[in-house]
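An overview of the molecular structure
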Amino acid sequence: MPEPQLNQRIQFYLMSMGYAQDQISESNGRILVSAPNDRIVVVPVNAQQLSDRTALLQIVLGVSNLQREFDRVYLAVPRLFAAVYDTKPFQDQGVGLLVYDSRRIEETLQARKSEIATVSNGGPESKPIEVMAELEKLREAYATLQESIRSLREEISRQTSMERDRIAERLETPPPPVSLVSATPQGSLPVFFENNPWLEVLSRRGKESS
Amino acid sequence: MSEYKGKYTFGMDFGTSDYKYGPITLGDEPRITHNRGYFPDRNSVMLRAFQEASEVIVGDDLPQYLQSVEDLSERLVYPMRNGIVEKNNDRAWRVVSEIADYGLRSFSPNGANGFDGYYVVASLSSVSPRYMYERMFQIFKTFDDRQLIKAATIIPQPLAVAIGHGVTTCVVIESGHGNSQVCPISRYPIRDAQVAINRGGGDANAITAEILKDTGYGDLANEESFLRRVKESIGLLPLSLEDAIDAAKKSPRKFRAKFKVPGTRVEIDLEDNSWMRFLIGEYVFNPNHEVYQSYFTRGMPKPKDVRIGDTTFRGMIDFGEAIVASVERCPVELQPLLYKEILLSGGNMSWQPPDKLTEVATDAPTKIKQLLREKGIKQVSVKMTKAPQHSVWHGCIIYGYAVPEEYGWNWNRLEGWMQFHA
């Protein structure tokens, strides 16, 4: 059975089990259910993977990792597999089995809720893990802040040093006049002095009275 | 004449609205800032939190410090609004001191160029009483520790106008915001012949406000700066008020007065009342026409004779009569010479008729000629000063440059140099 078709059938099956459509998604060929306090992953396994030892080993090892992330882990296996293999190891590991053939999908072994995932994802008992995650985030934020403060300190130190240099320079050289250009002698008198009879009249002030 | 003064003469023109200042080396144009000071609320949280506020703020940065509109009239002080600073008005004198200091600080040369203090020439209203001279010298004395002033003198503004214009015998009419002065000059200001008039640009604003109220724009008639813009935009000076009103009533469309405030939705349209625009200019030159009586009876204050210091400012005298009264106090031989050079100065003389309305509207020199003709004076020449805005400062600079350093201050003549350091 082509995988996309199988995955779609598993999704329909999960919907028929009461999970909402928007709670079901697909990622890396796996079907994920994000229900409150019940995060499920279904790993579809086809006949070709079962006959390939390496592929099978990868699936088994992958299940172990998935149990850390999800509350319940299911393998969706062909009906033929269920008939041939003993399901006890799965039961011991808490891994559920969905058996499919061309007509239907059935849950032959219910997955046990993963304790690790339960601790990390739900319930009051999961708080320490959540706190740890938050703590980790805070640590990262704190490290970022420390880095920012360090660079700010460097910048302030650089600016202070430059300002000190500027002040020292100013003290060494006399201050320029506020309007040096306009108050500096320019040699000639303004235009309104031209032919002004008052220049003569005023230049005699004080001499007339004496 | 001294080479030193060719470098370090400093002019200060204390006008009613503006303070024009700067050294001789500025060339033709002085620096200009408002002649006003702002006393900030020193308890203001913002001022306390962010800056060391001075007791009084002057100069171009002043608008940055303005606080609420409500307290502006109390805190914003124009010390020379009437040309005279009252003797005991400490706040006004504080502003004068700060403004003078501001001007000098703006041009403080270092000693390397041989600077040993400026020769400062300050120009005050011609009606300034003696105590204003004394107080100004006291203010200059307080700058002594910085050796910014080597010597100072004070001259009346009409004399400075005559000097700046290059005329030694003339009558100067200086018309500012609060009042106007007629001062004959014959090498010296003839102080006894001065006539002061209690009308100026502010009165033109007042009649503009009444016109706006009558034409349905009363809500806009409160703000002085707005009134000034309306006045300058729609106000006209008539050659003859009666002829102008008749012409405007016959052709209201031709004389229609409209003013749109740029950047706003405010538009003033006098429509059929556009003849009123002639009342604005006429009122400053001659408020005696019967048409103004209705405004007086409805509550507009009539310009009164007021005594400020030693001078009586005449309220209702028209400009023509004021010139005649002033000239006739001078020697008879001098009178024809005075009539031949009448100089008009100040922002209140800047009336220009629109090209289409020159039959009935006119400019200030023509109006003055008309008023004098009505009094029987026909041989007259009336001119605007060459640079109305800067002529007083020009006069200060020429005076400071030309008057010999050794001529000490003379309290009888009110001229000469008050020395501050050798």
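Presented here is a report on the structure given in the accompanying data block. For every chain, the first residue of the written sequence is number 1, and numbering continues from 1 along that sequence. Chains and ligands are labelled by the order in which they are written, letters from A for the one and numbers from 1 for the other. With the structure being a predicted model, the display of local features is reserved for residues of pLDDT at least 70 and the display and counting of side-chain atom pairs for 80 or more, all residues being used for whole-chain, interface and lining totals. As a convention, hydrogens and water are excluded, and side-chain values are obtained from all of the structure's heavy atoms.

Description of the overall build of chain A
Numbering of helices and strands runs from the N terminus, with a helix taken as a DSSP run of H or I at least four residues long and a strand as a DSSP run of E at least two residues long. Within chain A, the regular secondary structure consists of nine helices and six strands. For chain A, with 210 residues in total, the buried portion stands at 34%. Two residues form a contact once any of their heavy atoms are found within 4.5 Å. Relative to all contacts within chain A whose residues are 6 or more apart in sequence, the contacts with residues 24 or more apart total 47%. Using the Shrake-Rupley algorithm and a 1.4 Å probe, accessible areas are obtained, with residue cover drawn only from the displayed protein chains. For chain A, the exposed area adds up to about 14,100 Å²; of that, 55% sits on carbon and sulfur atoms. For every residue, the accessible area (1.4 Å probe, protein chains only) is compared with the maximum for its type, and the residue is labelled buried under 20%, exposed over 50%, or partly exposed between those bounds.

Remarks on the packing of helix H7 (residues 201–214) of chain B against helix H8 (residues 224–234) of chain B
Residues and elements named next belong to chain B. At a closest axis distance of 9 Å, the pairing of H7 and H8 adopts a crossing angle of 85 degrees. Relative to H8, H7 is oriented roughly perpendicular. Here Gly201, Gly202, Ala204, Asn205, Thr208, Ala209 and Leu212 of H7 lie close against H8, whose contacting residues are Glu224, Phe226, Leu227, Arg228, Val230 and Lys231. Class assignment of the residues belonging to the contact of H7 with H8 gives a composition of six nonpolar, four polar and three charged. To obtain an axis, a line is fitted to C-alpha atoms, over the contacting stretch when the element is a helix, and the angle between two such axes runs from 0 to 180 degrees between their N-to-C directions. Roughly parallel refers to an angle under 35 degrees, roughly antiparallel to one over 145, roughly perpendicular to one between 65 and 115, and oblique to any angle outside these ranges. Note that Gly is not counted as nonpolar here; it falls among the polar residues with everything else outside the nonpolar set of Ala, Val, Leu, Ile, Met, Phe, Trp, Tyr, Cys and Pro and the charged set of Asp, Glu, Lys and Arg.

Examining the pattern of salt bridges
A side chain with one charge may pair with a side chain of the opposite charge, provided their charged atoms come close. Salt bridge, as used here: a side-chain nitrogen of Lys or Arg that lies within 4 Å of a carboxyl oxygen of Asp or Glu. Summed over all chains, the structure comprises 25 salt bridges over all chains. Here Asp92(A) and Lys88(A) are joined by a salt bridge, their closest N and O atoms 3.2 Å apart. With Asp92(A) and Lys88(A) both in helix H5 (residues 88–93) and four residues apart, this pair spans about one turn of that helix. Looking at Asp92(A), the relative accessible area reads 45%, which means it is partly exposed. Taking the relative accessible area as the measure of exposure, Lys88(A) reaches 46% and is therefore partly exposed. Across the pair Asp116(B) and Lys150(B) runs a salt bridge, and its minimum N-O distance is 2.9 Å. Of this pair, Asp116(B) sits in the loop between helix H4 (90–105) and strand E6 (118–124) while Lys150(B) sits in strand E7 (residues 149–156), placing them 34 residues apart in sequence.

Focus: the interface of chain A and chain B
Facing the 28 residues of chain A at the interface are 42 residues of chain B. When two parts are put together, the accessible area they lose, computed with a 1.4 Å probe and summed over both, is reported as buried area. Between chain A and chain B, a total of about 2,700 Å² is buried, with carbon and sulfur atoms accounting for 66% of that surface. When the area that chain A buries against chain B is broken down by residue, the three leading residues are Phe192(A), Trp198(A) and Arg205(A), summing to 28%. At the junction of chain A with chain B, the criterion picks out one salt bridge.

Some points on the sheet that holds strand E18 (residues 418–419) of chain B
Residue and element names in this part refer to chain B. Strands were regarded as paired on the criterion that DSSP finds at least two bridges between them. Across the sheet, which stays open at both edges, the six strands sit in the order E3-E2-E1-E6-E7-E18 with mixed pairing between neighbours. Strand pairing shows two members of the sheet lacking a second neighbour, strand E3 (31–34) and E18, which therefore form its edges. Relative to E3, strand E2 (residues 18–23) is paired through four bridges, and the arrangement is antiparallel. The residue bridging lysine 20 from the neighbouring strand is isoleucine 32, located in E3. Set on the sheet, H4 makes contact with strand E1 (9–14), E2, E3, E6 and E7; between it and E1 the angle comes to about 145 degrees. Helix H6 (residues 157–165) rests against E1, E6 and E7 of the sheet, and its axis sits at about 95 degrees to E7.

Remarks on a nonpolar patch on the surface
Patch membership requires over 30% relative accessible area and the absence of a salt bridge. Like charges are linked within 9 Å, and nonpolar side chains (Val, Leu, Ile, Met, Phe, Trp, Tyr) within 5 Å. Nonpolar side chains collect at one region of the surface, where Leu80(A), Val84(A) and Tyr85(A) lie side by side and expose about 350 Å² of accessible area between them. In this structure Tyr85(A) comes out as partly exposed when scored by relative accessible area, which is 45%.

What about the nonpolar core?
Residues and elements named next belong to chain B. Core analysis: the biggest nonpolar cluster contains 79 residues, and Met12, Phe14, Leu104, Val120, Met136, Phe140 and Ile149 have the highest contact counts within it. Among all residues touching isoleucine 149, those that are not within four sequence positions of it are Leu104, Gly117, Tyr118, Val120, Phe140, Phe143, Asp144, Phe420 and His421. Buried Ala, Val, Leu, Ile, Met, Phe, Trp, Tyr and Cys residues that are joined via side-chain atoms within 4.5 Å together make up what is termed a nonpolar core. One finds Ile211, Leu236, Tyr292 and Leu372 within the second-largest nonpolar core, a separate group that totals 69 residues.

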